[in-house]
Amino acid sequence: MRYGNIPEEELKNRVSQDFFRKFDCASILRKIDFAVYDNADGCNSPLLWAEAKQRPTDILLMLAQLVLTIGKARTFDEIMPPPFLGCFDCEKIAFLPYSEIQDVFYQTDFNWNVAPSNRETREFQQVYGTIKNIIENEAPFETCLFYFEEDEKELRRFIRDNFVAGNTETAKIRIDKNNFINVFQRWADTVMPTIQFNWEAAKKFNIISGDFYLADLISDQDSAILKKLDVVLRATRYEMNRYENQFGAFTSSVVEFKDNQKAYNLFWAKYERPPKEEYWNYIIERRELLVPQDIRERKGSFFTPRIWVEKAQEYLTKTFGEDWQDEYWIWDCCAGTGNLLAGLVNKDRIFASTLDKQDVDVMRQRVERGANLWEQQIFQFDFLNDEFLPQSKGGKLPDELFDIISDEKKRKRLLIYINPPYAEATTSRTTTGTGENKALVAAHKTKDKYKDMIGAATNEVSAQFMARIYHEISGCKLATFSTFKFVCTQNFIKFRKFFKADFKKGFAIRSNTFDNVKGHFPIGFTIWDLAGKKFPAHIEVEVPEENTTKRYYDGFHKSINQWLNQYNNKRDDLALGYMGNYAPDFQNINQPYITVKKGTRHVTYYPFTVNNFIEGCIYFAVRQCIKSTWLNNRDQFYAPNSKWENDIEFQNDCLAFTLFHPQNRISARDGVNHWIPFVESEVNANYKFESHVITNFIRGERKRNGYTSLFEQAEEKNCIKREFSAEAQAVFDAGREIWKYYNAQQNFPSFENLESLKHKVNASYYDIRGYFKGFEADGQGKERMNNKSADEVFNSLEKNLSQAMEILAEKIEPKVYEYGFLLQ
């Protein structure tokens, strides 16, 4: 075997040097293991994306994992895909033309959010079957599979003939409803600067760069679709549709290219046009999203899907009665292009305003085309900055609307109906000290005015809208799309004391049903009477997609982090390990983990000692035993009642769960491993363990084993023998088999130094998993553990432990609610 028994990173380096020396293989592309680039003329175009495995692995399995990795990140939307996908291990390499597999990436009903390395998922099996069918029935695969030793000459010939410098011809990228905005952003960087056009002057007439992009995409089609476009493409130039005699700023309706379409041709050579006909209207209706990235982020543009517009109006009818549109005035004060108002019938009582003049023009054009609005009741208004003044006195508000908001009685019949931006002033990087606030989001008069009243909530633009509406249009009704942060999170406690409104009705929906919203969390539509007395202790909303209901609590309860902090003795000298206490919600479910060394992030680190060990394990198990879903993503963990203190079985279940959980990342490489849950004789160890702290703790013993100081101050209550439930004992039994199998693999006399021997002998569960699975670079200068091992015996043993852990988690879960860590 040419590359036998070497680490994966070395394998990739050797393959690169031996076969792809004249190409660039050093660049790392996200989570793709191996990439080959053509550096001809500095173009740095990809020639190959490949999956790599240290040990011999089925080619179909490797290719399926690669396809899922690419599809999950939609890498092909941002980077021109290569002519070939591939995979290799220590004995062989295989290539598959990208064009053969391209259709897989454009399935509309496929869940790309699964872990690419999890071979048990339905999605993995589906991709595996697709690739198998392609190889067996369509692609000449026998000519693309090479063994490094037996087929070296043929492999070099294949690379010579197909990896030709400067020749990166491949299947064109298809444009669909998922990637058309990303493609636009690249178009704006490359093609837009070559269009000979006065972009500033065009703003007055609501011509935006997105109109030219739409012309490129669709205008070479039938006349019916042309009527919906403001700009059309005529071979080598653009023409502004319907504007020929209206532009005082332009001498002609014809727009030329500065470079004879050179950049245009280079750009569109990569993409297949037009998109499928089923996407045309979908893309055109989202014209307002086709603006430069910085503007779109500032505006927080999110197109409300028609299904939720209709559902919202259904709930308004349930709340205010069938005649609500005749009895209430309606103001959408962040209307965008007005799609939230579609379906409303009484245009006499509808007002629509938005930040940007170009969106106002779009709405007025829709009036010309039959939209049910009055043009004079559509107006430009920056809700977070402009003053409430009537147009008759030099302001921006229509006089009728100003009269309504100025009259206490009429305000009670005013409904503010909005889907405000979800943009935040802070990001994860600012909270860790590595970035800056989004200036355009943070800098609003409303933010400054209400900062002392609602505190940190002003970092969220939707909260700024709600604060001004509540305070300056008091007594009105509010119907808003938003996240549920303002209802339940700790950062909004001050906001809830300020926002004394009565909750009427609402529903929750998945965030990923909205355009441009990243992540998987609930978005709510909630209806409020702003003449209330106090923010409710909880709200209950319906969940139409799952035919259930969901409660969100006000967050005034003491958090689980505050509860745990009372047990933080800050005794670093006695610490067995550390756990970072991140924000107490499901959004941060992957953050609590345990390590030997204290972390450096801006969170509180909890030192495990013998006197607070159980409390730390309870905290860890409670936060990890229930899986995160889109619906519970914003749920908060609270301080418990006192019942847990007398439930020793619950405490011991949490102890067992913590010892064997994958987020327990204690490693002998970082220091002394005090967390070995077995004595040497139980696991057929070849050498004595360095520490027996955990086994002594479980047995309630204070044996001296070189770490006496860890037990010198142990309280009597922590020196009891731990009896485990059948479910917890099953976890120990499954874990014991893994330790035994690991020790059976070690040839300890062959270690070159004592330090290596020490690490191997005192291996933690994390170390053992790493030994069998190996690590690979994550593209950010760190290593991440692979999800699977080539050792099927270990995979089977790990699966047994995982199943036992799932059963134990199910046993712990009811107690999480019974003891008040979560509220139902």
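Residues numbered from 1 in each chain as written. Predicted model: local features only at pLDDT ≥ 70, side-chain atom pairs only at ≥ 80, totals over all residues. Heavy atoms only, no water.

Participant: Looking at this structure, how should I read the overall build of the protein?
Facilitator: Helix and strand counts for the protein stand at 33 helices and 24 strands. Within the span of the protein, comprising 824 residues, buried residues form 56% of the whole. Across the protein, the fraction of contacts at a sequence separation of at least 24, relative to all contacts at a separation of at least 6, is 69%. Total accessible area on the protein is roughly 36600 Å²; 45% of this is exposed by carbon and sulfur atoms. (Helix = DSSP H or I, 4+ residues; strand = E, 2+ residues; numbered from the N terminus. Buried < 20%, exposed > 50% of the residue type's maximum accessible area, 1.4 Å probe, protein only. Contact = heavy atoms within 4.5 Å. Areas by Shrake-Rupley, 256 points an atom, 1.4 Å probe, with all protein chains shown as cover.)

Participant: Please clarify how the sheet that holds strand β8 (residues 237-240) should be interpreted in this entry.
Facilitator: Across a sheet, paired strands are connected by hydrogen bonds in the backbone, their directions being either parallel or antiparallel. Strand order in the open sheet formed by three strands is β7-β8-β9, with antiparallel pairing between adjacent strands. Across the chains shown, the open sheet's two edge strands, defined by having one partner strand only, are β7 (231-234) and β9 (254-255). For β8 and β9, the ladder comprises two bridges, and the chain directions are antiparallel. Directly across from E239, in β9, lies its bridge partner V254. (Pairing = 2+ DSSP bridges.)

Participant: Would you take a moment to explain the sheet that holds strand β22 (residues 604-608) for this structure?
Facilitator: Across the sheet, three strands lie side by side as β21-β20-β22; this open sheet has antiparallel pairing. What marks the edges here is a single partner per strand, and that holds for β21 (594-595) and β22. The sheet contact formed by strand β20 (residues 577-581) and β21 spans two bridges and is antiparallel. Counterpart to Y578 in the pairing with β21 is T595.

Participant: Would you mind going over the pattern of salt bridges with me for this structure?
Facilitator: Pairing between side chains becomes possible if they bear opposite charge and their charged atoms approach one another. Enumeration over the complete set of coordinates arrives at 35 salt bridges. In this structure, the salt-bridge partner of R122 is E123, at a minimum N-O distance of 3.3 Å. For R122, a relative accessible area of 57% gives the class exposed. Notably, a salt bridge pairs D403 with K410, separated by 2.5 Å at the nearest N-O pair. Three or more residues are tied together by salt bridges with common partners; here these are D89, E91 and K92. (Salt bridge = Lys/Arg side-chain N within 4 Å of Asp/Glu carboxyl O.)

Participant: Help me out: how do you make sense of the pairing of β20 in this one?
Facilitator: In summary, the side chains of a regular strand alternate between the two faces of the sheet. Among the five residues that make up β20, five are buried, leaving the element largely enclosed by the rest of the structure. Residues G577, M579 and N581 of β20 are buried on one face, and the alternating residues Y578 and G580, pointing to the opposite face, are buried as well. Here five bridges tie β20 to β22, and the two strands are oriented antiparallel to one another. The residue bridging M579 from the neighbouring strand is Y606, located in β22.

Participant: Even after reading the chapter, I still don't get the packing of helix α27 (residues 648-659) against helix α30 (residues 726-745), so can you show me in this structure?
Facilitator: How two helices sit against one another is set out by the angle between their axes and by the gap between those axes. Between α27 and α30, the least distance of the axes is 9 Å, while the angle of their chain directions is 20 degrees. Classified by the interaxial angle, the pair formed by α27 and α30 is roughly parallel. Along this stretch, α27 crosses α30, giving a crossing that reads as left-handed. Where α27 approaches α30, its residues D653, A656 and L659 are matched on the opposing element by A728, V731 and F732. Of the residues that constitute the contact of α27 with α30, the class distribution is five nonpolar, no polar and one charged. (Axes fitted to C-alpha atoms, helices over the stretch in contact; angles between N-to-C directions. Parallel < 35°, antiparallel > 145°, perpendicular 65-115°, else oblique. Left-handed = near helix turned anticlockwise from the far one by under 90°. Nonpolar A, V, L, I, M, F, W, Y, C, P; charged D, E, K, R; others polar.)

Participant: I'm lost on the side chain of S482 in this one. Help?
Facilitator: Within the fold, S482 resides in strand β15 (residues 477-483). On the accessibility criterion, S482 (3% relative accessible area) is buried. Setting aside chain neighbours within four positions, we find S482 in contact with Y422, I523 and G524.

Participant: Would you explain unusual backbone geometry in this entry?
Facilitator: Negative phi characterises most residues that are not glycine, and trans characterises most peptide bonds. With an omega of -10 degrees, the peptide bond between R273 and P274 qualifies as cis. For P274, the location among the structural elements is in the loop between β10 (271-272) and α12 (280-285). Within the chain, K570 stands out as a residue other than glycine whose phi angle is a positive 55 degrees. Position of K570 relative to the elements: it lies in the loop between α25 (560-565) and β20. Classification of K570 by relative accessible area gives exposed; the value is 65%. Backbone geometry places N684, a non-glycine residue, at a positive phi of 55 degrees. For N684, the location among the structural elements is in the loop between α27 and α28 (693-699).

Participant: Whenever I open this one, the packing of aromatic side chains confuses me. Can you help?
Facilitator: Think of a pair of aromatic rings as described by two things: how far the centres are apart, and how the planes are tilted against each other in angle. The final tally for this structure, using the stated rule, is 78 aromatic pairs. Measuring from centroid to centroid gives 6.5 Å for Y567 and W644, while their planes differ by 85 degrees, and the two rings are edge-to-face. Note that Y567 is positioned in the loop between α25 and β20 and W644 in the loop between α26 (613-624) and α27, a separation of 77 residues in sequence. Assessed through its relative accessible area of 5%, W644 is described here as buried. Cluster of aromatic residues (ring-pair linked, three or more members): Y450, Y470, F486, F492, F495, F498, F499, F503, W528 and F535. The ring of F521 is capped by R634, whose NZ or CZ atom sits 4.6 Å from the centre of that ring. Looking at R769, its charged tip hangs above the ring of Y765, at a distance of 5.5 Å from the centre. (Phe/Tyr/Trp six-rings, centres within 6.5 Å; stacked < 30°, edge-to-face > 60°. Lys NZ or Arg CZ within 6 Å of the ring centre and 35° of its normal.)

Participant: Any chance you could explain the confidence of the model for the protein here in plain terms?
Facilitator: Atom-level detail of predicted coordinates should not be read off regions where pLDDT is low. Looking at the protein, pLDDT values average 85 and 86% of them are 70 or higher. Segment residues 244-251 is flagged for pLDDT under 50; beyond a separation of four residues in sequence, or across chains, it makes 13 contacts in the model. Within the model, pLDDT remains below 50 along residues 293-301, and this stretch shows 20 contacts once partners closer than five positions in the same chain are excluded. (pLDDT = per-residue confidence, 0-100.)

Participant: Honestly, helix α1 (residues 8-19) in this entry has me stumped. Any pointers?
Facilitator: In an α-helix, one full turn covers 3.6 residues, which means residues spaced three or four apart are oriented alike. With twelve residues, α1 ought to run about 16 Å at 1.5 Å a step, and its terminal C-alpha atoms sit 16 Å apart, in line with that. Within α1, the full set of buried residues consists of E8, L11, K12, V15, S16 and F19. All buried residues of α1 lie within an arc of 130 degrees about the axis, which places them on one face of the element. (Expected span 1.5 Å × (residues − 1). Arc of directions from axis to C-beta.)

Participant: So what exactly am I meant to see when it comes to the environment of V345 here?
Facilitator: Structurally, V345 is set in the loop between β11 (329-332) and β12 (350-354). For V345, a relative accessible area of 57% corresponds to the exposed category. Once the C-alpha coordinates of V345 and D326 are considered, the two residues, 19 residues apart in sequence, prove to be 8.9 Å apart. Filtering out sequence-adjacent residues up to four positions away, V345 remains in contact with Q325 and N372.

Participant: Please clarify how the nonpolar core should be interpreted in this entry.
Facilitator: The tendency in soluble globular proteins is for nonpolar side chains to be buried as a group. Among the nonpolar cores identified, the biggest contains 73 residues, and W187, I195, F212, Y213 and Y238 are the most heavily contacted of them. For this core, the element with the most residues is helix α2 (residues 59-73), which contributes ten residues. By size, the runner-up hydrophobic cluster in this structure holds 69 residues, among which are W563, I589, F689 and Y742. (Core = buried A, V, L, I, M, F, W, Y, C linked by side-chain atoms within 4.5 Å.)

Participant: Please clarify how the packing of helix α32 (residues 765-773) against helix α33 (residues 792-818) should be interpreted in this entry.
Facilitator: Remark: α32 packs on α33, axes separated minimally by 11 Å, with the N-to-C direction vectors making an angle of 145 degrees. α32 and α33 meet at a crossing whose hand is left-handed. Seen from α32, the contacting residues are Y765, I768, R769, F772 and K773; seen from α33, they are F794, E798 and L801. Of the residues that constitute the contact of α32 with α33, the class distribution is five nonpolar, no polar and three charged.

Participant: Sorry if this is basic, but what is going on with the environment of T604 here?
Facilitator: Along the chain, T604 falls in strand β22. In this structure the C-alpha to C-alpha distance between T604 and Y578, which are 26 residues apart in sequence, comes to 9.8 Å. Excluding residues that lie within four positions of it along the chain, T604 makes contacts with N565, N568, M579, G580 and N581.

Participant: Got a minute to help me understand the pairing of β12 in this structure?
Facilitator: With five of five residues buried, β12 is to be regarded as a mostly interior element. Residues I350, A352 and T354 of β12 are buried on one face, and the alternating residues F351 and S353, pointing to the opposite face, are buried as well. Across three bridges, β11 lies against β12 in parallel orientation. Among the inter-strand pairings, I330 is bridged to a residue of β12, identified as I350. Note: β12 against strand β13 (residues 378-380), three bridges, orientation parallel. When the sheet's bridge partners are listed, S353 is paired in β13 with F379. For the handedness criterion, the β-α-β arrangement of β12, helix α16 (residues 357-368) and β13 is classed as right-handed. (Right-handed = clockwise from strand over helix to strand, strands pointing away.)

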